[in-house]
Amino acid sequence: MLIDESQGKYTWQTKVKDVLGNEFQLADEYLTSHVTIKDLLLHRTGLATTNLPLFAGFPDTLTRKDLTMRLRFLPVSGLFRDEYNYNNWMYALAGRVAEVMGGASWEELLHQRIFQPLQMNDSRVIGYNVDVDADNFALPYVQLRNEIVRSDPVIYKMTATEPAIAIASSADDMAKWLSWHVRGGVTSDGHVTLKKSCLQEMYAPHMAVPDLTYIKKPQFPISINNYGYGYGWTTATYRGYSMVWHSGIILGYLTLLTLLPDLDIGIFISTNGPGTMNTSFARSEVSYYITDLLLRLDPWLNNANACQFPQEWENVTDDPSEDSVLVHGELKGLQNFVGQYGNVLFGDITVTKNGSNELLVNYGRVTGKLHKTKEDHVLMMDILGVLEFVTHVGNDVLYINTTFAKADESGQYQEILNLLS
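Here the structure is a predicted model, which means the values were calculated and not measured.

Caption draft 1: Quick peek at the overall build of the chain. Summing up its helical and strand segments, the chain has 12 helices and 18 strands in all. In terms of overall size, the chain behaves like a compact globule, its C-alpha atoms giving a radius of gyration of 23 Å where 421 residues would be expected to give roughly 22 Å. For the C-alpha atoms alone, the extent of the chain along its principal axes is close to 70 × 60 × 45 Å. Classification of the 421 residues of the chain by burial places 47% in the buried group. When contacts within the chain are restricted to residue pairs at least 6 apart in sequence, those whose partners lie at least 24 apart make up 56%. As presented, the chain carries roughly 20700 Å² of accessible surface, and 49% of it is formed by carbon and sulfur atoms.

Written out as structure tokens, the structure is:
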């Protein structure tokens, strides 16, 4: 909307530095000088992405401007404009770009330009004007070992990164959002808030995605064939019809938004429950079934095969345990790991030793215990505390690689890798 209304001042090709000025700097001068709004939205900056700092959280005092200025310390992990690499940090940055372009906070722009005109009266921003333990909020449930439990509301505080992750809505409001798309940017009372041509530009494939399913043998009898990424939308086909979609998952909440623009069809699915593979399968299964019904076709998933989905077509197993990399025995040189490891972008990590000679990690809301491997400088962490469910699902433990580097002459490590990159 801001681009559309700027009358040429801003375009998708506008360089981010021309909007943010001196507060914007990336890992190298070339990226700083060339990254555009389009690059942010297409996930093609080549910058590293990691989700653990989202879980760890930032101090409440951190502003989006502060986060933007820290992004100069985000390392490069891929090729600029040549690789699709999904990156939530770039969408948080896009929120800051919108604030400067629109002259108001991202939350204010969201309410003024989308929620209010579309009468989305039950939509909120988590941590800004609603919390997940509110009376009218679907409660978050996760799988801890073999039990379904309530997660702690504190882990949903996403300070400064809200544009990437923190919108909460209702079924009624999402129907209004979908209807707005179907009408081509027109509200229910006939007000044009965005040109249809601008929406079509958003739906168009501007970047090839790694999983080019349309050039492979179909996984299922009827499949969604993904071939590109637009501005916040995966572009695909289903049964020969154009489709755009996007999914979301965050700590016990899963969503799936699907549009078939040529047929005026929109579907939104949301669950509050553990983000396990089975939950994702169920979400996909319901989406296939509803889409077929709306296309007035016989659903290919039905009473005869639905309960077996997707095992009938592929061998599905949960994420494997990393037990094989762990070794028994006493960890030598414990004191070499103990200390505070500074990180100017994501915050400090502290490693301590307890009375049982165990190494413990403290990183914001993330706490964990380190385990020995075959390599002295590589340890594996399982998360404890409020986020224990992240690594303790079912009977397996999903360990997180924690690599220590830059030991000094005394053997004391100076840096932790992997955890933040």
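Caption draft 2: Local environment of the packing of helix α7 (residues 88-102) against helix α8 (residues 106-115). With their axes 9 Å apart at the nearest point, α7 and α8 run at an angle of 70° to one another. Our classification of the angle between α7 and α8 gives roughly perpendicular. The segment α7 lies against α8, with Gly95, Ala98, Glu99 and Gly102 engaging Trp106, Glu107 and Leu109. Partitioned by chemical class, the residues of the contact of α7 with α8 number 3 nonpolar, 2 polar and 2 charged.

Caption draft 3: Molecular detail of the sheet that holds strand β6 (residues 234-238). The strand order β5-β6-β7-β8-β9 describes an open sheet built from 5 strands, whose pairing is antiparallel. Strands at the two margins of the open sheet, each flanked by one partner only, are β5 (224-229) and β9 (265-272). Looking at each pair of strands side by side, their axes are set apart by 25° on average, direction ignored. Pairing between β6 and strand β7 (residues 241-249): 5 bridges, direction antiparallel. Directly across from Thr235, in β7, lies its bridge partner Val244. Across the sheet, helix α10 (residues 171-182) touches β8 (253-260) and β9, and the angle it forms with β8 is around 25°.

Caption draft 4: Expanded view of the sheet that holds strand β12 (residues 359-363). Ordered by their spatial adjacency, 7 strands build an open sheet running β10-β11-β12-β13-β14-β17-β18, and the pairing between neighbours is antiparallel. One side of each edge strand has no neighbouring strand; the edge strands of this open sheet are β10 (339-341) and β18 (415-417). Neighbouring strand axes in the sheet, compared pairwise and without regard to direction, differ in orientation by 30° on average. The pairing of strand β13 (residues 366-371) with strand β14 (residues 378-384) spans 5 bridges and is antiparallel. Across the sheet, the residue bridging to Thr367 is Leu384, located in β14.

Caption draft 5: Representation of the pairing of strand β17 (residues 400-405) within the structure. Note: β14 against β17, 4 bridges, orientation antiparallel. Within β17, the position partnered with Val378 by the bridge is Thr403. Taken together, the 3 bridges between β17 and β18 define a ladder with antiparallel strand orientation. Residue pairing across strands places Phe404 opposite Ile416, the latter belonging to β18.

Caption draft 6: Local environment of the packing of aromatic side chains. Inspection of the entire model under this criterion finds 21 aromatic pairs. Centre to centre, the rings of Phe220 and Trp300 are 5.9 Å apart; their planes meet at 25°, and the pair counts as stacked. Separated by 80 residues along the polypeptide, Phe220 in the loop between α11 (196-203) and β5 and Trp300 in the loop between α12 (277-294) and β10 bring together distant segments of the chain. With a relative accessible area of 10%, Phe220 lands in the buried category. Judged by its relative accessible area of 9%, Trp300 is buried. Ring centres 5.7 Å apart and planes at 50° place the aromatic pair Phe404 and Tyr413 in the tilted group. Each of the two residues, Phe404 as well as Tyr413, counts as buried. Taken together, the aromatic side chains of Phe220, Tyr238, Phe281, Tyr288, Trp300 and Phe309 make up a single cluster linked through ring pairs.

Caption draft 7: Local environment of unusual backbone geometry. Of note, the amide linkage connecting Phe309 to Pro310 takes the cis form, showing an omega dihedral of -5°. Secondary-structure assignment places Pro310 in the loop between α12 and β10. Notably, Arg239 is not glycine yet its phi reads approximately 55°, a positive angle. Looking at the element boundaries, Arg239 is found in the loop between β6 and β7. On the basis of relative accessible area, Arg239 is assigned to the partly exposed category, the value being 29%. Located in the positive-phi region is Asn357, a residue other than glycine, with phi close to 60°. As for its placement among the helices and strands, Asn357 is situated in the loop between β11 (349-353) and β12. Since its relative accessible area comes to 45%, Asn357 is described here as partly exposed.

Calculation criteria
- Residues numbered from 1 in each chain as written.
- Predicted model: local features only at pLDDT ≥ 70, side-chain atom pairs only at ≥ 80, totals over all residues.
- Heavy atoms only, no water.
- Helix = DSSP H or I, 4+ residues; strand = E, 2+ residues; numbered from the N terminus.
- Rg over C-alpha atoms; globule rule 2.2 N^0.38 Å.
- Buried < 20%, exposed > 50% of the residue type's maximum accessible area, 1.4 Å probe, protein only.
- Contact = heavy atoms within 4.5 Å.
- Areas by Shrake-Rupley, 256 points an atom, 1.4 Å probe, with all protein chains shown as cover.
- Axes fitted to C-alpha atoms, helices over the stretch in contact; angles between N-to-C directions.
- Parallel < 35°, antiparallel > 145°, perpendicular 65-115°, else oblique.
- Nonpolar A, V, L, I, M, F, W, Y, C, P; charged D, E, K, R; others polar.
- Pairing = 2+ DSSP bridges.
- Phe/Tyr/Trp six-rings, centres within 6.5 Å; stacked < 30°, edge-to-face > 60°.

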